[in-house]
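Read off the chains here:
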Amino acid sequence: HNVFGNIGDVGNLANNLLQGKLHNAGVDTGRLIFNTTFGVLGFFDVAKHMGLRKSDEDFGQTLGVWGWRQSRYLELPLFGPRTVRDTFGLIGDAFRFWRAME
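Residues numbered from 1 in each chain as written. Predicted model: local features only at pLDDT ≥ 70, side-chain atom pairs only at ≥ 80, totals over all residues. Heavy atoms only, no water.

Undergrad: Whenever I open this one, a nonpolar patch on the surface confuses me. Can you help?
TA: Judged by side-chain polarity, V40, L41, F43 and F44 come together as a nonpolar surface patch covering roughly 440 Å² of accessible area. Of note, F44 is situated in the loop between α2 (22-37) and α3 (46-49). (Patch = residues over 30% accessible without salt bridge, like charges linked within 9 Å, V, L, I, M, F, W, Y side chains within 5 Å. Areas by Shrake-Rupley, 256 points an atom, 1.4 Å probe, with all protein chains shown as cover. Salt bridge = Lys/Arg side-chain N within 4 Å of Asp/Glu carboxyl O. Helix = DSSP H or I, 4+ residues; strand = E, 2+ residues; numbered from the N terminus.)

Undergrad: Which parts of the structure should I look at to understand the pattern of salt bridges?
TA: Note on pairing: side chains with opposite charge can pair once their charged atoms come close. Evaluation of the coordinates by the stated rule reveals five salt bridges. Taking the shortest distance from any N to any O, the salt bridge between R31 and D45 comes out at 3.2 Å. Of this pair, R31 sits in helix α2 while D45 sits in the loop between α2 and α3, and the two are 14 residues apart along the sequence. As far as burial versus exposure is concerned, R31 and D45 are alike and both buried. (Buried < 20%, exposed > 50% of the residue type's maximum accessible area, 1.4 Å probe, protein only.)

Undergrad: Where do I start with α2 in this structure?
TA: Helical geometry: 3.6 residues make up each α-helical turn, so side chains three or four residues apart lie on a common side. Taking 1.5 Å of rise per residue, the 16 residues of α2 would be expected to cover 22 Å, and the 22 Å separating its terminal C-alpha atoms lies within 8% of that figure. Against α1 (2-19) and α3 lie the buried residues of α2. (Expected span 1.5 Å × (residues − 1). Contact = heavy atoms within 4.5 Å.)

Here's what the structure looks like:
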């Protein structure tokens, strides 16, 4: 669980940068560095104990910051209700996740 959370911090970092949230991007960078080195490649979440809070950003939120306002809801099997914007954001997040796994 912690390893995938550490990989997810890369996406949080990218979305914070794209949204212009530089402080949160710095916190995510610190989380990545500390959890990857002292947390044995992310097996342990040592950054949490250091007071570095995990941010929760996704590409749908980034699209919202860049001007795509809320839109209609869709009911997607296995994913549940989402807006059209968040559906496109889900595609961007999945691409980011698979690129990190390479």
